[in-house]
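So the chains spell out like this:
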Amino acid sequence: MTLARRDTELRELMDADDCDPVRLDRTLRRFTVINQLVGGWATVVRREVLTRLDDARRTGATVRVLDVGCGGGDVLRGVVARLRRHGLHVEGVGIDPDPRAIAVATRIESPGITYRAVHAEELATAMPASGETFDLVISNHVLHHLTGPQRRSFLAATASLASRVVIHSDIRRGRLAYMLYALLAIPFARGTFLRVDGLRSIRRSYRAGELAEVVPRGWRVRPSRPFRLLAVYEAGSAPGRSSQRGRDGSGRD
Ligand SMILES: C[S@@+](CC[C@H](N)C(=O)[O-])C[C@H]1O[C@@H](n2cnc3c(N)ncnc32)[C@H](O)[C@@H]1O
């Protein structure tokens with residue numbers, strides 16, 4: 001096993017349509033613990049989000065947050081709660097094409113948060129007619145799941161849905177991340193796909209330079225606290241603003 005290259009051939013157990021539904025349900029619910037331990041969203045909200053919403057805090061305007069590929073919805077609930085603690089009036093929407101994920105997400109009652117079983121691309125296609133945009137579009141642990149064509153359409157769709165900023169957060173591949181996760185997951189993994197899929201996710205995930213090579217113009221990629229990376233897009237940003245990107249700027253694989 002090597003971590004020198006992304007292992008894009010690996011499939012995660014939870015991605016199989018016929019995977020054990022009980023294990024899947026438990027896995028989606030237990031993401032709450034793992035995401036709190038490794039997701040780093042408190043830091044992302046503090047460093048990347050709050051300053052961009054200063055005007056909404058002053059005017060009391062409603063901030064709309066979209067979590068794309070929301071799974072069980074815990075990251076969205078956490079981000080919305082954090083923004084509300086900072087005095088913002090927030091409405092959250094979580095989308096995921098997997099109805100099993102939406103079933104888990106909707107089980108927890110969350111005022112001001114709704115969930116829909118759609119792809120980002122479907123929401124973006126409907127947007128010119130619906131006029132529905134979001135101040136903040138986020139995702140957690142989605143990018144590494146996607147093939148090249150899926151990643152391109154996902155990034156285009158999420159960029160078109162944001163009126164302010166998109167922040168995709170994912171694992172950064174590395175040996176230490178792999179070894180620590182192998183240990184960290186043990187107490188939480190019983191009866192779930194968490195350990196196997198988490199380790200596969202790390203093997204599928206990007207290093208910052210690799211992701212920077214394949215994002216389109218307008219996106220910036222940077223490493224974030226240990227073992228994370230962020231892909232950030234500012235709505236209305238001029239092409240070529242990315243700080244780490246492919247030399248030819250093509251965003252090709
Ligand atoms: C590993 S799960 C991450 C779930 C959740 N964000 C978390 O961190 O716990 C990746 C999710 O992305 C969803 N997904 C994949 N492609 C998508 C797309 N094009 N639009 C929206 N969601 C997508 C999958 O259905 C899956 O639930």
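Residues numbered from 1 in each chain as written. Predicted model: local features only at pLDDT ≥ 70, side-chain atom pairs only at ≥ 80, totals over all residues. Heavy atoms only, no water.

The protein chain is annotated in an unreviewed UniProt entry as Methyltransferase domain-containing protein from Leucobacter tardus.

A word on the site of the ligand
Close to the ligand lie 18 residues; Gly69, Asp96, Glu121, Asn140 and His145 are nearest. Ala120 is positioned such that a nitrogen or oxygen atom in its backbone is 3.0 Å from a nitrogen atom of the ligand. For the ligand, a nitrogen atom lies 3.0 Å from a polar atom in the side chain of Glu121. Burial of the ligand by the protein chains amounts to 91% of its free accessible area of 600 Å². (Near = heavy atom within 4 Å. Polar contact = N/O pair within 3.5 Å; in protein donor to acceptor, adjacent residues only side chain to side chain. Areas by Shrake-Rupley, 256 points an atom, 1.4 Å probe, with all protein chains shown as cover.)

Structural notes on the sheet that holds strand E3 (residues 113-116)
Read across the open sheet, the seven strands follow the order E3-E2-E1-E4-E5-E7-E6; overall the sheet is mixed. The outermost strands of the open sheet, each flanked by one partner alone, are E3 and strand E6 (219-224). Pairs of neighbouring strands in the sheet enclose a mean axial angle of 20 degrees, with direction left out of account. (Pairing = 2+ DSSP bridges. Helix = DSSP H or I, 4+ residues; strand = E, 2+ residues; numbered from the N terminus. Axes fitted to C-alpha atoms, helices over the stretch in contact; angles between N-to-C directions.)

Let's talk about a positive patch on the surface
A surface patch of like charges, here positive, comprises Arg46, Arg47, Arg82 and Arg85. Of all the secondary-structure elements, those providing two or more residues to the positive patch are helix H2 (41-49) and helix H4 (74-85). (Patch = residues over 30% accessible without salt bridge, like charges linked within 9 Å, V, L, I, M, F, W, Y side chains within 5 Å. Salt bridge = Lys/Arg side-chain N within 4 Å of Asp/Glu carboxyl O. Lys, Arg positive; Asp, Glu negative; His and termini not counted. Charge placed at Lys NZ, Arg CZ, Asp CG, Glu CD.)

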